[in-house]
Amino acid sequence: MSEKRRDQKGRILKTGESQRNDGHYMFRYTDIHKKRRYVYAKTLEELRQKEADIQRDTVDGIDYAAGEMTVIELVTRYMNLKRSLKENSFRAYDSVINRIREDPFGQKQIRHVKLSDAKSWFVSLHDRGYKQNTIGVMQCVVRPAFEMAVDDDIIRKNPAKSSISDYGKTAEEKEALTVSQQEKFMEFVKQSNVYNTYYPMFTIMIGTGLRCGELIGLTWKDINIKAKTVNVDHQLIYKNLGDGCKFHISTPKTESGIRIIPMTQEVAKAFEEQRKINFMLAKDKSIEVDGCSGFVFTAKSGRPLMPNGVNSVLYNIVDAYNKTEVERAKKEHRKAELLPKFSAHVMRHTACTRMAECRMDVKVLQYIMGHAHIDVTMEVYNHIGELTRIENEIARLDSMVLNA
């Protein structure tokens, strides 16, 4: 009978276990893919803990060896499978992936990442001054990557499954303009000698809910006044795609972004007014971007509006309105009712809110807004104030009684 193998301390070693000359321990095993694997440890106790983990994973069909990949290796594998992303979206994710790569969290083996580890990392990003949007993008990459590892039987649970609201400061809600704020803003623009040329554009923004890139990318070929439709099949971006910062035509991020939006009478009238403004200002129609020309909204030179240019105009108008309101309030001995600073995105959210307040069918609203998922549209419905809902229902009841 052969003598049992022992370590340097005289302890009996099990099958597959051995001790190297440097004192470290090794365990040899066959993984679920029938491939020979090795794990190492400084002590026999640590080695046998790993053996127990391997045995448990093998019984449960978990790939213990694959769990040795790092977080950044997992994220990279996940992103390499995202073929549906546009080139500019890939570039936007590059900086986020590099941040994960440079962070110690990115070098952790995924099988050792616990829920508390992931949560602590996200909280630390907030504490280090990362913007909430950046943290959100990181989570949008890390969470599905870990979910893929769960589906591939590499790990049991997704440690990054918590909501972004659990990490540090909660994301700020998008606040739509109230009906009163919208009316005051639009009336100020209409009566202004400086900003009245933007009145048609803002009317169209409120009436269609277009994204900023979709708005500035509109050409007159996309507008059918007779049929009262707006064709949306592209957007205009201003980015460096390897050829310097310049305008580019890009397809919408998702298929649902491609749509035909019906015009209200007010929106149709605004487009007609915009055409007159362009004619009176003799704007150059020949400027071309990736084969597109005849842009509806342009600067004086005929060059398309910059994405941040729309926001700058909005900010300037709000500043001008508030200054006027402060002076008027002083004369009238009352408290000034100021407008909040808001962006083109808030204009889109306001448009969606107005449509929801009119109880537009939720699927129709989803289509008009180009939302890929119905829950995004439903969130707007859920944030409409109870008072507004009650007022709308009472008005509807009054109308039914009068027409009875």
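Refer to the structure presented above.
On a predicted model such as this, the values are computed, not experimentally measured, just so you know. (Residues numbered from 1 in each chain as written. Predicted model: local features only at pLDDT ≥ 70, side-chain atom pairs only at ≥ 80, totals over all residues. Heavy atoms only, no water.)

### Digging into the overall build of the protein
Now for step 1: Secondary structure assignment for the protein yields 14 helices and 10 strands.
Now for step 2: In the protein, buried positions account for 40% of the 404 residues. (Helix = DSSP H or I, 4+ residues; strand = E, 2+ residues; numbered from the N terminus. Buried < 20%, exposed > 50% of the residue type's maximum accessible area, 1.4 Å probe, protein only.)

### Let's talk about the sheet that holds strand β2 (residues 25–30)
Now for step 1: Read from one edge of the open sheet, three strands run β1-β2-β3, paired in antiparallel fashion. One side of each edge strand has no neighbouring strand; the edge strands of this open sheet are β1 (17–19) and β3 (36–41). The mean angle between the axes of side-by-side strands here comes to 25°, regardless of whether they run parallel or antiparallel.
Now for step 2: Pairing of β2 with β3, which is carried by six bridges, proceeds in the antiparallel orientation. The residue of β3 that forms the bridge with Phe27 is Val39. (Pairing = 2+ DSSP bridges. Axes fitted to C-alpha atoms, helices over the stretch in contact; angles between N-to-C directions.)

### Some details on the nonpolar core
Now for step 1: Core analysis: the largest hydrophobic core is formed by 53 residues, its most contacted members being Phe185, Phe202, Phe271 and Val310.
Now for step 2: Residues contacting Phe271, with those up to four places away along its chain left out, are Ile204, Leu218, Trp220, Ile223, Ile225, Val230, Met263 and Val296. (Core = buried A, V, L, I, M, F, W, Y, C linked by side-chain atoms within 4.5 Å. Contact = heavy atoms within 4.5 Å.)

### Focus on the packing of aromatic side chains
Now for step 1: Summed over the entire model, instances satisfying the criterion amount to nine aromatic pairs.
Now for step 2: Judged by centre distance (5.4 Å) and plane angle (90°), the rings of Phe188 and Tyr321 are edge-to-face. Of this pair, Phe188 sits in helix α6 (residues 179–191) while Tyr321 sits in helix α10 (residues 307–331), placing them 133 residues apart in sequence.
Now for step 3: Look at Tyr321 and you get buried, because its relative accessible area is 7%.
Now for step 4: Residues Trp220 and Phe271 carry aromatic rings whose centres are separated by 6.4 Å and whose planes lie at 75° to one another, so their mutual orientation is edge-to-face. One end of the pair, Trp220, is in the loop between α8 (212–216) and β4 (223–224); the other, Phe271, is in helix α9 (residues 265–280), with 51 residues separating them in the sequence.
Now for step 5: For Trp220, a relative accessible area of 18% puts it in the buried group. (Phe/Tyr/Trp six-rings, centres within 6.5 Å; stacked < 30°, edge-to-face > 60°.)

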